[in-house]
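Coordinate inspection notes
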Amino acid sequence: QVRLVESGGGSVQAGGSLRLSCVASDNPGRTRAWFRQAPGKERVGIAGITNTVVDGIRYTDSVKGRFTISQDNAKNTLYIEMNNLEPEDTAMYYCAASPYTLIGGAIFRFSEYSTWGQGTQVTVSS
């Protein structure tokens, strides 16, 4: 089974930047995404990328324009560049992989993902 390992989390002040990485032990599948979970809240998808479709990148409105998802297929690594961070971005960040081609809103559907990393904490102070 594919294993996912996230890294790059940390503590920053508002307005700062972080870059998270997620390395897969093998081919992670057709769709990869970043989710986050704040204390006491549900885990929600924030950015996803589907390899097998044109324009296969999606962002939620809360991060659009500030976060950029990308991947290096040669390294089986998924990234998310997070700029202009806000205290509301404080959460545990998880990467996920799905064997399916997920498009539209499905790319943020928790149940579509069968493989998850252990998470990396991001804390943004005001």
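Here's what I pulled together on the structure shown here. (Residues numbered from 1 in each chain as written. Predicted model: local features only at pLDDT ≥ 70, side-chain atom pairs only at ≥ 80, totals over all residues. Heavy atoms only, no water.)

Read from one edge to the other, the open sheet built from four strands follows the order β1-β3-β8-β7, with strand pairing classed as antiparallel. The open sheet has two edge strands, β1 (4-7) and β7 (67-72), and neither has a second partner. Pairs of neighbouring strands in the sheet enclose a mean axial angle of 15°, with direction left out of account. Pairing between β1 and strand β3 (residues 18-24): four bridges, direction antiparallel. Each residue of the ladder has a partner; that of Val-5, found in β3, is Val-23. (Pairing = 2+ DSSP bridges. Helix = DSSP H or I, 4+ residues; strand = E, 2+ residues; numbered from the N terminus. Axes fitted to C-alpha atoms, helices over the stretch in contact; angles between N-to-C directions.)

Now for the environment of Thr-101. Within the secondary structure layout, Thr-101 lies in the loop between β9 (91-98) and β10 (115-116). Its relative accessible area of 33% is what places Thr-101 among the partly exposed residues. Between the alpha carbons of Thr-101 and Glu-86 there is a distance of 31 Å; along the sequence they are 15 residues apart. Setting aside its immediate chain neighbours within four residues, Thr-101 contacts Arg-30, Thr-31, Thr-50, Thr-52 and Val-53. (Buried < 20%, exposed > 50% of the residue type's maximum accessible area, 1.4 Å probe, protein only. Contact = heavy atoms within 4.5 Å.)

In this fold, Arg-66 is placed in the loop between β6 (57-59) and β7. Residues in contact with Arg-66, not counting those within four places in the same chain, are Glu-81, Met-82, Asn-83, Asn-84, Leu-85, Glu-86 and Asp-89.

A separate point is the packing of aromatic side chains. Evaluated as defined, the whole model comprises five aromatic pairs. Ring geometry for Phe-35 and Phe-110: centres 6.4 Å apart, planes at 85°, overall edge-to-face. Residue Phe-35 is located in strand β4 (residues 31-37), and its partner Phe-110 is located in the loop between β9 and β10; the two are separated by 75 residues in the primary sequence. Given a relative accessible area of 42%, Phe-110 falls into the partly exposed group. Ring centres of Phe-35 and Trp-116 lie 4.9 Å apart, and the angle between their planes is 65°; on these two criteria the pair is classed as edge-to-face. Taken together, the positions of Phe-35 in strand β4 and Trp-116 in strand β10 put the pair 81 residues apart, joining distant regions of the chain. Here Phe-35 falls in the buried class, since its relative accessible area comes to 0%. Three or more aromatic residues joined by ring pairs make a cluster, and in this case those are Phe-35, Phe-110, Tyr-113 and Trp-116. (Phe/Tyr/Trp six-rings, centres within 6.5 Å; stacked < 30°, edge-to-face > 60°.)

Right, let's get into the pairing of β7. Of the pairings in the sheet, the one linking β7 to strand β8 (residues 77-82) comprises six bridges and is antiparallel in character. Paired with Asp-72 across the bridge in β8 is Thr-77. As consecutive antiparallel partners, β7 and β8 are separated by four residues, and within that stretch Asn-76 has a phi angle of approximately 50°, a positive value.

This paragraph deals with the nonpolar core. Residues Trp-34, Ile-46, Phe-67, Ile-80, Met-82 and Tyr-93 are the most contacted members of the largest nonpolar core, which totals 24 residues. Listing elements by their share of this core, those giving two or more residues are β3, β5 (43-50), β7, β8, β9 and β11 (120-125). What Met-82 contacts, discounting residues up to four positions off in sequence, is Gly-16, Ser-17, Leu-18, Leu-20, Arg-66, Phe-67, Tyr-93 and Val-122. Phe-35, Ala-96, Leu-102 and Tyr-113 belong to the second largest nonpolar core, which has seven residues in total. (Core = buried A, V, L, I, M, F, W, Y, C linked by side-chain atoms within 4.5 Å.)

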